Amino acid sequence: LKKSLLVYGEIFDTQRSYVKGLIRLVDGYKFHLQQESWIDAQQISAIFLNAEDILRAHLGVVHALNSLIDTWPNIQYGSMVQKSTSYVNLYTDFVTHFANSAHLVVEITNNSKWAAFVTRMNDTLGFGSLSELQSLLILPVQRLPRYKLLLDELCRNLPAGSELRSRMEESAGLMEGLVFYLNEKNREMEHLKELRELESYFTPHFELAVSGRQLL
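Please read all numbers here as calculations on a predicted model, not as lab measurements.

Because an α-helix packs 3.6 residues into every turn, residues spaced three or four apart end up facing the same way. Among all positions in helix α7 (residues 130-137), only L133, L136 and L137 are buried. Seen end-on, α7 carries its buried residues on one side only, within an arc spanning 100 degrees.

Encoded structure:
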């Protein structure tokens, strides 16, 4: 039981940290880029994908968690973890288009106005950089494997055959499928990166980096 409580604690602590990062991404970078005239709404949507929907969903989890802390020691841990994993479908779209998002981020930083934007961000908010934006955008992608490991650890420390373990194993199964999909998309992203590098050798330009195309 003690080990299970430690895993629950880590899940909740990382959940709060994750939400803070998403807030910085959405309310910091996305919001302020939307005020810029040199980048259009379509580009912003393609970069940030559905990060705002993911944030909104997890804000609900954190709010519910904070409310439940007052019920200690009778917190319904199982229901809270299941609530967190019920949003896995939100991640499918994000993971599917993440490679294109990462490519667009590099493209906008080649715009001379990006440097001015970052300077204003630092002057007004105290943060702003390409590396931080990239780190924040990849948070949903990194969250999935970590969450799967924590769920597996939790299942190992719950009584075999218990209803709670059964529910947690179901949640872990959902997460496992999404992590597998994520790994496949990561491999595709690496292939596209290699193809984009090859494109630079063609004159006139020939588009090689097409989704589904692979090097043999």
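This is not the end of the story, as more comes after the structure.
What follows concerns the confidence of the model for the protein chain. With 77% of its residues at a pLDDT of 70 or more, the protein chain shows a mean pLDDT of 80. Taken element by element, the protein chain is modelled with least confidence in helix α4 (residues 77-85), mean pLDDT 56, and with most confidence in helix α2 (residues 41-48), mean pLDDT 96.

A few words now on the side chain of S101. Relative to the helices and strands, S101 is located in helix α5 (residues 88-109). Exposure remark for S101: the relative accessible area of 0% places this residue in the buried category. Once residues within four sequence positions are removed from consideration, S101 is found in contact with A46, I47, L49 and L137.

Time to look at the packing of α5 against α7. For any two helices packed against each other, one specifies the inter-axial angle together with the distance between the axes. Closest axis-to-axis distance for the α5/α7 pair is 11 Å, and the angle between their directions is 175 degrees. Between α5 and α7, the angle is such that the two are roughly antiparallel. When α5 is examined against α7, the residues F94, F98, S101, V105, V106 and T109 are found in contact with a partner set consisting of L130, L133, Q134 and L137. Considered class by class, the residues forming the contact of α5 with α7 number 7 nonpolar, 3 polar and no charged.

Reading the values: the criteria
- Residues numbered from 1 in each chain as written.
- Predicted model: local features only at pLDDT ≥ 70, side-chain atom pairs only at ≥ 80, totals over all residues.
- Heavy atoms only, no water.
- Buried < 20%, exposed > 50% of the residue type's maximum accessible area, 1.4 Å probe, protein only.
- Helix = DSSP H or I, 4+ residues; strand = E, 2+ residues; numbered from the N terminus.
- Arc of directions from axis to C-beta.
- pLDDT = per-residue confidence, 0-100.
- Contact = heavy atoms within 4.5 Å.
- Axes fitted to C-alpha atoms, helices over the stretch in contact; angles between N-to-C directions.
- Parallel < 35°, antiparallel > 145°, perpendicular 65-115°, else oblique.
- Nonpolar A, V, L, I, M, F, W, Y, C, P; charged D, E, K, R; others polar.

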